[in-house]
Amino acid sequence: MPDSRPQPPPRPPSSPGPVPVDPAPLLLCGARLTDGRTVDVRLGGGRIEAVGTAGSLAADGTRACGTQVDLTGYLLLPAPAEPHAHADTALSADDDGPVSYDPRDVQRRATEAALLQLGHGATALRAHVRVGDVAGLGALTAVLRAERSLRGLAELTTVAVPRLLTGVAGADGLAVLRDAVKMGASVVGGCPDLDPDPTGYVEAVLEVASEHGCPVDLHTDAADPARLARFAAMAGGLRPGVALGPCGGLARLPAESAARTADRLAAAGVTVVCLPQGGCGTVDRRGTAPVRLLRSAGVRVAAGSGALRDVSNPVGRGDPLEAAYLLASRHGLSAEDAYAAVSASARASLGLPEVRVEAGFPAELLAVRGDGLSGALSLGYSRVVVHGGRVVARTSAVREYRGSAALSAEVEPGLPRQGRGSA
């Protein structure tokens, strides 16, 4: 019997959209590193070419410096990544009625959301996109268009998220999922908790992922330890990797049960992506995974943003530094470990190469005004974002105080400010 389902549009060719040219050399001058050094950093060909003491690289004469950016007063860090965004529903909280899945609306929201998060510092983003049901494949098509339009500014990848994959209703969902991967979704995802047969759902996801060599990124509250253990056992051998999130239910389990589950996740090599800033629409219950317990068991823990101003979190900001701040202030992580959750661990969960502020590493960097990492997480409003070796976003914040003449004379000269200087 011929297949009567609507066929997906052909996978878009890889060439459309702006293709970034090799950027000219860029010299970042006078930046402070987390170890206290003040350095110049020369970028070229999308990578860090050299790191030297302040003033040394501009004068060494071995290579044309190109453009110089003064980062005096800024802390230079590996750029964050966003491992869990919802591009199809972002920025829809103020819309009247249900969320519009008109492709034009989705593309506009997805592009604006990615640029907002890029301004915060995230140069790579993973967007979960619903497929099937009301959204069909239109939302995915729109986000893929946004992905192409953002080339050279940020790296956006998509996760196909079907609702049902088992039973009679799930047959269509499975077909749509396969179509989504053929169209260009690079990750297979979903929410097994919403399917009548969660184990069967995971089996279907892993089958499609194995067919196409895709990573897996699943939503789960993780409130059922036996189910989560089965998921981990099933997914443990899959390469290029499996992520689960937000796993807030783990924090509600008895301590002994949560510890056993964490050990199983570690043994399976599964990454947990927590959402300190709030939940997302695919998982109803809120709460943050027990990050310290998971880390002590050896689980890689990354932190994402989840909902960005949609009905699940109308005030979501999508700021990785806020996620790190919350991990430090509410969940007891050091500033260094909290920032690693939104940078090194987040990049690793996306399959991206490691970034260090050292020669030879990718030029994916974030400069934040502040003397140290704790200060940057607390009050780091002014930011300079580098992607592919060039400045792609800049945010300058200025805070000034005005008062009485006595206040101005006695206090104002020492008041803290953001945004002073040319950067």
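Anyway, here's the lowdown on the structure attached to this text.

What counts as what
Residues numbered from 1 in each chain as written. Predicted model: local features only at pLDDT ≥ 70, side-chain atom pairs only at ≥ 80, totals over all residues. Heavy atoms only, no water. Pairing = 2+ DSSP bridges. Helix = DSSP H or I, 4+ residues; strand = E, 2+ residues; numbered from the N terminus. Right-handed = clockwise from strand over helix to strand, strands pointing away. Core = buried A, V, L, I, M, F, W, Y, C linked by side-chain atoms within 4.5 Å. Buried < 20%, exposed > 50% of the residue type's maximum accessible area, 1.4 Å probe, protein only. Contact = heavy atoms within 4.5 Å. Axes fitted to C-alpha atoms, helices over the stretch in contact; angles between N-to-C directions. Disulfide = S-S within 2.5 Å.

Re the pairing of strand E6 (residues 82-85)
Then, in step 1: Across two bridges, E6 lies against strand E7 (residues 124-131) in parallel orientation. Note on E7: the bridge partner recorded for Glu82 is Leu125.
Then, in step 2: Following the chain from E6 across helix H2 (residues 103-120) to the adjacent parallel E7, one finds a crossover that is right-handed.

Focus on the nonpolar core
Then, in step 1: One finds Leu140, Leu265 and Leu294 to be the most contacted residues of the largest nonpolar core, which totals 85 residues.
Then, in step 2: Considering every element that reaches this core, the biggest residue donor is helix H5 (residues 198-212), with seven residues.
Then, in step 3: For Leu140, the contacting residues outside a window of four places in its chain are Val129, Val131, Thr158, Ala180, Met183 and Ala185.
Then, in step 4: In this structure, Leu26, Val357, Ala363 and Val386 belong to the second largest nonpolar core, which totals 19 residues.

A closer look at the sheet that holds strand E9 (residues 187-190)
Strand-to-strand pairing in sheets goes through backbone hydrogen bonds, with the strands running parallel or antiparallel.
Then, in step 1: One open sheet holds the eight strands; their spatial order is E6-E7-E8-E9-E10-E11-E12-E13, and the pairing between them is parallel. Bordering the open sheet on either side are E6 and strand E13 (301-303), each of which pairs with just one other strand. Within the sheet, the average angular offset between the axes of one strand and its neighbour, ignoring direction, is 25 degrees.
Then, in step 2: Bridge analysis of E9 against strand E10 (residues 216-220) gives three bridges, and the strand direction is parallel. Looking at the pairing, Val188 lines up with Val216 of E10.

Some details on the state of the cysteines
Then, in step 1: Throughout the structure, instances matching the rule amount to zero disulfides.
Then, in step 2: Of the cysteine sulfurs around Cys274, a residue in no disulfide, the closest is that of Cys247, at 9.2 Å.
Then, in step 3: Classification of Cys274 as buried rests on a relative accessible area of 0%.

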